[in-house]
Amino acid sequence: SRSGRGVGASRRVARPALVVEDQSPPSVSEGEQLIDPPAGYSGLEGKALRKITKYPTKREVFAAIPKECWKKDTFKSMCYAVFSTSLTVALGVAAYAFIPLKLAYLPVWALYAAVTGTVATGSWVVAHECGHDAFSDNKKLQDAVGYVLHSALLVPYFSWQRSHAVHHSRTNHMEEGETHVPFTIDSAKGMANYVLKERIGKPLFGVVNLFIHLVVGWPAYLLTGATGGSKYGVTNHFIPTKPFSGALFPTDFLKKRVWLSDVGVATTLAALACWAVKAGSIWPVAAVYGGPYLVTNFWLVLYTWLQHTDVDVPHFTDKDWDWVKGTFMTIDRPYPKVIDFLHHRIGTTHVAHHVAHQIPHYNARKATEALKAAFPDLYLYDPTPITKAMLRVGEKCVAVKPFPTDTGDKFLFVADRRDLA
């Protein structure tokens, strides 16, 4: 009958509404974890993935830091600069004078490189602080110290000052971040990582990944913008014009400062070349300067990598990113006390440094304690020993995939391709 067909039609319309699955992410309560990270957990135990509905404003974050933390003491800053630099030079002079340049002494030279490169990282951090306007209220002195120290370490001071400022302003942003922006699972580099890991196995992949980041990564970044944000294209810290993208250095003022940075690096290279010619061999330069240089590069890449990267620390696209959320994806870690002292606590107070980069390192501990007290749900500290954390990140942080949550997409690492299904 017509009435029967009407009932049947009513049922046919109603039935799909009963079986359609809700595709929206499950809702969780404030403070609960939004998602289980596919690559596992770090010592943070998922804290960076807990639901926070309302973040403080940037003004509120700054207001939590005691005013005295912002005060710069030029004399104190210079003392740290002199300490790190004079100790580095003293070690170099002693090695040149007392360690024979013979193959049998290679282990001694390796030890020298490890120690001196670690000490020289203190000078690197001081120059980095100059670039952040955290060294002195005397801007000319500040830039002079930073320019000399970074140039001596073959770092283009003003070029890196600019790119590092972008890194701070767009922390853990998938498109506009700068340095250690992760590959996505559907990118050519992301898929290549998975293929390599499957072919050589997890342990060896971890070693290869660490080598690429910690040894090759720094020059690759300076020369091609490797691991920089996709927004900027292929960049070069020495050539701000074609054939490289000018997106990172868009104004004439910034471009001129890149060329000025080149002068400092070129001067250091010329001095090293003259030394090699006078010595009649490249080996004294390689032993005394080259070894420590590689170790210093190792440390600076390790800091910038581990302070923002781990298996349960998300990245965000523009629609879900904001400054407070991105900045508090920074992680403080437990570096050994001697290392922490030599490196002016850059690894144990990195959260405060990212929140307010104009704060001198000697005031960063007090700023850290204030941030921990004011924002306990946001402050991240991973107690995992550094070596263990480094191995975990090297093996498991392969490429990221977006995961929807009820507070927006979280880009999280997927350690193995089979987990993508």
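As for the side chain of T171
In step 1: Considering the arrangement of structural elements, one finds T171 in the loop between α6 (157-169) and α7 (188-200).
In step 2: Note on T171: relative accessible area 1%, which makes it buried.
In step 3: With residues up to four places along the chain from it excluded, the contact list for T171 reads H308, W321, G326, T327, T330 and H354.

Concerning the packing of helix α4 (residues 106-131) against helix α5 (residues 139-152)
In step 1: Axis separation between α4 and α5 bottoms out at 8 Å; the angle between their running directions is 140°. Considered as vectors, α4 and α5 are oriented oblique to each other. Handedness of the α4/α5 crossing: left-handed. Residues S123, W124, V126, A127, H128 and C130 of α4 pack against Q142, D143, V145, G146, L149 and H150 of α5.
In step 2: Partitioned by chemical class, the residues of the contact of α4 with α5 number six nonpolar, five polar and one charged.

A short note on helix α14 (residues 364-374)
In step 1: Within the sequence span of α14, burial applies to A364, A367, T368, A370 and L371. Buried residues along α14 cover an arc of 165° about the axis, so they all sit on one side.
In step 2: Here the buried face of α14 lies against α2 (58-63) and α13 (350-355).

What to know about empty space enclosed by the protein
In step 1: In the structure shown here, the tally under the stated rule is four cavities of 30 Å³ or more.
In step 2: Considered as a void within the structure, the largest cavity measures approximately 100 Å³ in volume.
In step 3: Taken together, T121, W124, V125, H128, W160, H164, L300, Y303, T304, I346, H350 and H353 form the lining of the largest cavity.
In step 4: Mapped onto the lining of the largest cavity, the elements with two or more residues apiece are α4, α6, α10 (283-306) and α13.
In step 5: No other element matches α4, which puts four residues into the lining of the largest cavity.
In step 6: Here the residues of the lining of the largest cavity are counted per class, giving six nonpolar, six polar and no charged.

Comments concerning the pairing of strand β2 (residues 408-414)
In step 1: Where burial is concerned, most of β2 is hidden: six out of the seven residues are buried.
In step 2: As judged from the seven bridges shared by strand β1 (residues 399-405) and β2, these two strands associate in the antiparallel manner. By the bridge assignment, F403 is partnered in β2 with K410.
In step 3: Turn length for the β1-β2 hairpin, with the two strands adjacent in sequence and antiparallel, is two residues.

Quick notes on the state of the cysteines
In step 1: Tallying each qualifying case throughout the model produces zero disulfides.
In step 2: Among the cysteines around C130, which has no disulfide bond, C79 carries the closest sulfur, lying 14 Å off.
In step 3: Of the residues examined, C130 reaches a relative accessible area of 1% and is grouped as buried.

Examining the confidence of the model for the chain
In step 1: Overall, the predicted model of the chain reaches an average pLDDT of 92, with 93% of residues at or above 70.
In step 2: Below pLDDT 50 for its whole length, residues 1-23 participates in zero contacts with residues either more than four positions away or in separate chains.

Remarks on the nonpolar core
In step 1: In this structure, W124, L214, W218, W299, L302, L306 and Y335 are the most contacted members of the largest nonpolar core, which totals 41 residues.
In step 2: Listing elements by their share of this core, those giving two or more residues are α4, α8 (202-224), α9 (252-279), α10, α15 (386-396) and β2.
In step 3: Broken down by element, the residue count for this core peaks at eleven residues, all from α10.
In step 4: Filtering out sequence-adjacent residues up to four positions away, W299 remains in contact with G117, T118, T121, Y335, I339 and H343.
In step 5: Counting 25 residues, the second largest nonpolar core, distinct from the first, contains L44, I65, F328 and A367.

Topic: the packing of aromatic side chains
In step 1: If you walk through the whole model with that rule in mind, you get 17 aromatic pairs.
In step 2: Taking 4.8 Å as the distance between ring centres and 70° as the angle between the ring planes, the aromatic pair formed by Y157 and F158 counts as edge-to-face. Taken individually, Y157 and F158 each receive the classification buried, so the pair is uniform in this respect.
In step 3: On the numbers, 6.2 Å between centres and 35° between planes, the contact of W218 with Y221 is tilted. In this pair, W218 and Y221 are both assigned in helix α8, three residues apart and thus about one turn of the helix distant.
In step 4: Residue classification places W218 among the buried positions, given a relative accessible area of 4%.
In step 5: Taking relative accessible area as the criterion, Y221 reaches 4% and is therefore assigned buried.
In step 6: Each residue in the set W124, W160, W218 and Y221 is aromatic and connected to the rest through ring pairs, giving one cluster.
In step 7: One Lys or Arg, K58, reaches over the ring of W323 and ends 4.6 Å from the middle of that ring.
In step 8: When the ring centre of F316 is taken as origin, the NZ or CZ atom of K325, which lies over that ring, is 5.1 Å away.

Overview of unusual backbone geometry
In step 1: Look at the link from K242 to P243: it is a cis peptide, with omega at 15°.
In step 2: Mapped onto the fold, P243 is located in the loop between α8 and α9.
In step 3: Here the phi dihedral of L154 falls at roughly 60°; this positive angle occurs in a residue that is not glycine.
In step 4: Note on placement: L154 falls in the loop between α5 and α6.
In step 5: Take L154: its relative accessible area is 12%, and that puts it in the buried class.
In step 6: Phi at H344 takes a positive value of approximately 55°, unusual for a residue other than glycine.
In step 7: Checked against the element boundaries, H344 lands in the loop between α12 (337-342) and α13.
In step 8: Among the residues examined, H344 registers a relative accessible area of 3% and is labelled buried.

The rules behind each value
Residues numbered from 1 in each chain as written. Predicted model: local features only at pLDDT ≥ 70, side-chain atom pairs only at ≥ 80, totals over all residues. Heavy atoms only, no water. Helix = DSSP H or I, 4+ residues; strand = E, 2+ residues; numbered from the N terminus. Buried < 20%, exposed > 50% of the residue type's maximum accessible area, 1.4 Å probe, protein only. Contact = heavy atoms within 4.5 Å. Axes fitted to C-alpha atoms, helices over the stretch in contact; angles between N-to-C directions. Parallel < 35°, antiparallel > 145°, perpendicular 65-115°, else oblique. Left-handed = near helix turned anticlockwise from the far one by under 90°. Nonpolar A, V, L, I, M, F, W, Y, C, P; charged D, E, K, R; others polar. Arc of directions from axis to C-beta. 1 Å grid on protein atoms, 1.4 Å probe; cavity = no way out; pocket = protein on both sides within 12 Å on 5 of 7 lines; lining within 4 Å. Points joined across faces, edges and corners; volume = space filled by probe spheres on them. Pairing = 2+ DSSP bridges. Disulfide = S-S within 2.5 Å. pLDDT = per-residue confidence, 0-100. Core = buried A, V, L, I, M, F, W, Y, C linked by side-chain atoms within 4.5 Å. Phe/Tyr/Trp six-rings, centres within 6.5 Å; stacked < 30°, edge-to-face > 60°. Lys NZ or Arg CZ within 6 Å of the ring centre and 35° of its normal.

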